[in-house]
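Residue strings, one per chain:
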Amino acid sequence: HPSPLHSYPPLSSPLLSTPPHSSPPLPTLPSTPLLPTPLFSTPLPSTPLPSPPTSPLALKVIENCPVTGIQVKVDDFGIRRVTGVETDYGTIQTACAINCAGVWARKLGAMAGVNVPLIAMRHAYVVTERIEGIQNMPNVRDHDASVYLRLQGDALSVGGYEPNPNFWEEVLDKFAFSLFDLDWDVFTQLIEGAINRIPVLETTGVKSTVCGPESFTADHKPLMGETPELRGFYLGCGFNSAGMMLGGGCGKELAHWVIHGRPEMDMYGYDIRRFHHSMTNDNRWIRERSHESYAKNYSVVFPHDEPLAGRNMRHDPLYQELLQQGCVFQERHGWERPGWFNPTGPAPALDYDYYGMYDNKQHEDYRYNQLLREDYTFDFPSHHDQIKSECLTCRNAAAVFDMSYFGKFYLVGPDAKEAADWLFTADVSTSIGKTVYTCMLNSRGGAESDLTVSRIESSPQGSSLTPTFEGDGYYLAVGGGVAQHNLSHITSVLQDRRLNCRLLDCSAEMGMISVQGPLSRAVLQDVLDVDLSNEAFPFSTHQVVKAAGHWVRAMRLSFVGEMGWELHVPREACVPVHRAVMQSGAKFGIANAGYRAIDSLSIEKGYRHWHADLRSDDTPLEAGLAFTCKLKSKIPFLGREALEAQKARGLFKRLMCFTIDQKVPLFGLEAIWRNGKVVGLVRRADFAFTLNKSVAYGYIRDPEGAAVTTDFVKQGEYSLERMGVSYPAKVHLKSPFDPSNKRVKGIYE
C-alpha cells in the first residue's frame, strides 16, 4: 500500500511472492551479553573527579544486574537530588545516574519521578542472500520509498520507515536481546520500494530478519542532559534507531555534560529541556508526534513545515478569536501560535488522523494540510504576498501580534537582586519601571538565552499581573519556544548558588498583545488611560495601566524595529483588550500579523533569535551584543571571566549581516564565501520586504586562524551559495534598516 507520506513510480514487476516466514537463526550471541540495563558511572560525591585526569578513571561494569529503584532525597533547600541506585544485589550510592535504558528508559525514569517522553515501536530490517556483483555498491537511501539499502558483505540489508509501524504496547522487563517475529504485512511495503529501486531483489531470497524494540521520540532526536525534575539524573536514550551512528559523539558530549555542567557543543536539539514539562508525560502527544516523526523520517524537510500530530495541546486566550479571522497557526512548545493570516477564512489544525493508518479515517478537504503543502517549496511560497502585506502594514501603519505563548516569569525574594546580578549580563537592578534587554550565559560565556527583564515593585493585590513578594522583584519575558530551557537554566543557577528567591511561572495566566508601527501610539492612546508621549512613556520602560477598563502591564518595546508597546494582559482580559485595540485601529488600517512576519521584520532590523543566530556556543561579543554586558561595572555575573578573556585575545568569529540583490529565498545553512574561500555558514535568513531583498546572518572566521577584525570584514568580497548557485553578497557592520534606531524611539522622518 503506497504511503500517503511518500510516493514512488508503480512497480514494473510483482512483489517478492513468498517471503520466508522462517529463516536460519542469527549468529550466536556472545556468551557474556552486554548489560541490558542502564550503565551507571558512580563516583561518590566525596570523591572529586581529577580534571584533567592524568590516568584512566576506574570503571566497573556490573552485568545482569537489574535496576529496581532510584533513591531520591530532598535537601535542606527543597531540591530533589539523586542519592543512589537500587539493584537486586545492593544499592550503589551516587549523586549521578544516567538513564541509558532505551525502550525501558521511561519505566526507569518513573522510578525517579522523571518523565521520559519516548515510545517503543517494533523496528525491522532484513538481510538478503548473496547478490552477485554488488560489492562496490554504495549505501542507498530512497526518500520517496522511505527505504534504505545498506551493503552487508556480499548481501544487502533492507529497512526503512513505514507509515504504520507497530507500537510495542506493553514493554516487557524480560526481553533483553529478544526479537519479534517480523510482520510481513507491514514490512512488505518497504520491500516494494526496494524492488522498485533495485529490481534484482525481486528474485533474491531473504537470509535473515531482525525485528526488535526501539525507542522513538516526538521529533526523532535523542533525549539527553540533566532532567528538570531531578538533579543528578541524566538522560542518554531515545536514539530512534540511530544509536550506532550517534552513540560515540553523544556519549562524549554527555560525559562532558556530567563533569562540567554543560556539553562542549551546542546540544539544544537533543536536550530534554527542548520539550515543555507539560508535554513530557502526555501520552497522546508522545504517541502522535513520535508516529509522525517516524513515518516522515525520510520525507524532504521543507523550511516552513508544521506537524499535523499532537496539535491543540495549549491554546492562548486569543486562539478562537484569531482562528475565526483566518489565522494559520504554528506549533511551538505545545502552543498554537499565529503563523500568518489567510484571507480566505479559518483553517484549523484538526485531530491527528495518523494519515489514515490503523483504521483511522483520513481527513478530507483538510484545509490546514493543503496550506502546508502549498508551502512545500524551496522557492517563495504561494502566500508570500500575504506575509508581505502583514510586514508592510507594520512598517507603514500598525500591526497587532499575539505573542501570548511567551514565557512569563517572576524572579522575587530576599536574594532576587543577587540572583539577577549574577544571572543577567546587563545591569537590570535599575529603577523600578525600567525594562532591559539582556542575555544569560553559561560559564564559558555562551548565550543560554536572550530576554527582557523589568524591575517591579510588590503589590498588595497579589495577582498574576502584580504579585506580592518580599525583597526585590523582576518580571522576565522570554521566547515561548524556549521557555522550558530558560526555566530550567535559571532554576539550576538559583539552586547551585543557594539563593533565597522564587521563580514563578505565569506563562499560561497572562497573554501578550504587541502593537507595533508608526501609528501604534495613535491606536493605543484611545485604549490606554496614560499619556504615551516620548516624555511620559519613553522607550524601554513599563507601567501598569488600564486598557479598555482592564489592568495591564504596558511595555514600550519592539521586536520588529518600530515604535510600539507590548501589553501583558491577565488571561481573562485578553479578548476585550484585543477587540478594543482592533476597534481603535480600524481607522488607521490596523491588521493582525503572525510570526512569519515577525521573522522577516526582526531579521530586517537585525534582532537576534536565540538558537538561530545566538546559541550556547556563541558569546554576546561574537554576536554583536556587547552592549548587553555590564563589563564596565564591577558587578560579577555568570560568564564574565570568559568574556573578559575573549575580549583580551580578540574575536575569532563574528556574526555578520549579508544582503543579496537577487530575488531568491534564503533559509539558513548556505555557505558564506569570502575571496574564494568558505568562511562560515548562514545561521538565519529571510526576505526583508522593506529592503526588498533577502537578508542573512552568519558567523564568519578567518581561514588562516587569525582574529576577525573590522578590517578583515571590510576587505573581503562575499557571496552566498544557495543550492549550488553563488550570489554576490554585501556585508554590513550594522543593520541596513534604520541603523540609527530612530523608529523604535518614535522618530519618523
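Residues numbered from 1 in each chain as written. Predicted model: local features only at pLDDT ≥ 70, side-chain atom pairs only at ≥ 80, totals over all residues. Heavy atoms only, no water.

> How do you make sense of the packing of aromatic side chains when you look at a structure like this?
Given two aromatic rings, one states the distance between the centres and the angle between the planes to describe the pair. Under the definition given, this model contains 28 aromatic pairs. On the basis of an interplanar angle of 10 degrees and a centroid distance of 4.9 Å, the ring pair of Phe302 and Tyr376 is categorised as stacked. Of the two residues, Phe302 sits in the loop between α4 (283–295) and α5 (319–323) while Tyr376 sits in the loop between α6 (367–374) and α7 (384–396), which places them 74 residues apart along the sequence. Judged by its relative accessible area of 17%, Phe302 is buried. (Phe/Tyr/Trp six-rings, centres within 6.5 Å; stacked < 30°, edge-to-face > 60°. Helix = DSSP H or I, 4+ residues; strand = E, 2+ residues; numbered from the N terminus. Buried < 20%, exposed > 50% of the residue type's maximum accessible area, 1.4 Å probe, protein only.)

> It is not clear to me how the packing of α7 against helix α12 (residues 595–605) should be interpreted in this structure. Could you clarify?
Helix packing for two helices is described by the angle between their axes and how far apart those axes are. Put simply, α7 and α12 touch, their axes get as near as 9 Å, and they point 55 degrees apart. Considered as vectors, α7 and α12 are oriented oblique to each other. Seen from above, α7 lies across α12 with right-handed handedness. On the side of α7, the interface is formed by Ile387, Glu390, Cys391, Cys394 and Arg395, while α12 contributes Arg596, Ala597, Ser600, Leu601, Glu604 and Lys605. Partitioned by chemical class, the residues of the contact of α7 with α12 number 5 nonpolar, 1 polar and 5 charged. (Axes fitted to C-alpha atoms, helices over the stretch in contact; angles between N-to-C directions. Parallel < 35°, antiparallel > 145°, perpendicular 65-115°, else oblique. Left-handed = near helix turned anticlockwise from the far one by under 90°. Contact = heavy atoms within 4.5 Å. Nonpolar A, V, L, I, M, F, W, Y, C, P; charged D, E, K, R; others polar.)

> Looking at this model, I keep getting lost on unusual backbone geometry. Mind explaining?
Leave glycine aside and you will find that most residues have negative phi; peptide bonds, for their part, are mostly trans. Residue Arg498 is not a glycine yet carries a positive backbone phi of 55 degrees. Mapping Arg498 onto the fold places it in the loop between α9 (483–496) and β20 (502–505). Residue class for Arg498 comes out partly exposed when judged on its relative accessible area of 37%. For Ala548, which is not a glycine, the phi torsion comes out positive at approximately 50 degrees. Relative to the helices and strands, Ala548 is located in the loop between β22 (542–547) and β23 (550–555).

> Just to check I follow, could you spell out the sheet that holds strand β28 (residues 677–688) for this structure?
Adjacent strands of a sheet form backbone hydrogen bonds with each other and so pair up, either parallel or antiparallel. With antiparallel pairing, the 6 strands of this closed barrel are ordered in space as β26-β29-β28-β27-β30-β31. For this sheet, the mean angle separating the axes of adjacent strands, direction not counted, is 40 degrees. In this structure, strand β27 (residues 671–674) lies alongside β28, joined through 4 bridges in antiparallel fashion. What sits directly across from Arg674, in β28, is Lys677. Running at roughly 125 degrees to β28, α12 makes contact with β28 and β29 (693–700) of the sheet. (Pairing = 2+ DSSP bridges.)

> Help me understand the pattern of salt bridges in this model?
Note that side chains of opposite charge can pair when their charged atoms are close. Per the stated rule, a full pass over the model turns up 37 salt bridges. Note that Asp271 and Arg273 form a salt bridge whose closest N and O atoms lie 2.8 Å from each other. Where Arg395 meets Glu562, a salt bridge forms, and the shortest distance between an N and an O atom there is 2.9 Å. Pair noted here: Arg395 is in helix α7 and Glu562 is in the loop between β23 and β24 (564–570), with a separation of 167 residues, a long-range link. Look at Glu562 and you get buried, because its relative accessible area is 0%. When salt bridges with common partners are traced through the structure, they connect Arg395, Glu562, Glu604 and Arg743 into a single cluster. (Salt bridge = Lys/Arg side-chain N within 4 Å of Asp/Glu carboxyl O.)

> Just checking my understanding: could you explain the packing of helix α8 (residues 416–423) against α9 for this structure?
Interhelical geometry of α8 versus α9 gives an angle of 115 degrees and a closest axis separation of 11 Å. Here α8 and α9 pass one another in a crossing that is right-handed. Side by side, α8 and α9 meet where Ala419, Trp422 and Leu423 of the first sit next to His489, Ile490, Val493 and Leu494 of the second. Classifying every residue of the contact of α8 with α9 by side-chain character gives 6 nonpolar, 1 polar and no charged.

> Explanation requested: the pairing of strand β2 (residues 80–87) in the structure shown.
The pairing of strand β1 (residues 67–74) with β2 spans 7 bridges and is antiparallel. Residue pairing for β2: Val67 is matched across the bridge by Thr87. The antiparallel hairpin formed by β1 and β2 contains 5 residues in its connecting segment, where Gly78 sits at a positive phi of about 80 degrees. Of the strand pairs in this sheet, β2 and strand β3 (residues 90–93) are connected by 4 bridges, and their pairing is antiparallel.

> I would appreciate a short explanation of the confidence of the model for the chain in the present structure.
Caution is warranted with low-pLDDT regions, since their predicted coordinates should not be read in detail. Across the chain, the average pLDDT comes to 92, with 92% of residues at 70 or higher. Every residue in residues 6–53 scores below 50 in pLDDT, and together they form 84 contacts with partners more than four places removed in sequence or on other chains. (pLDDT = per-residue confidence, 0-100.)

> Would you mind showing me how to read the environment of Tyr718 here?
Considering the arrangement of structural elements, one finds Tyr718 in strand β30 (residues 718–722). Measuring from C-alpha to C-alpha, the distance between Tyr718 and Val82 comes to 52 Å, with 636 residues separating the pair along the chain. Contact partners of Tyr718, with chain neighbours within four places excluded, come to Phe658, Ile672, Trp673, Arg674, Ile700, Phe712, Val713, Pro728, Ala729 and Val731. A polar atom in the side chain of Tyr718 sits 2.9 Å from the backbone oxygen of Val713. (Polar contact = N/O pair within 3.5 Å; in protein donor to acceptor, adjacent residues only side chain to side chain.)

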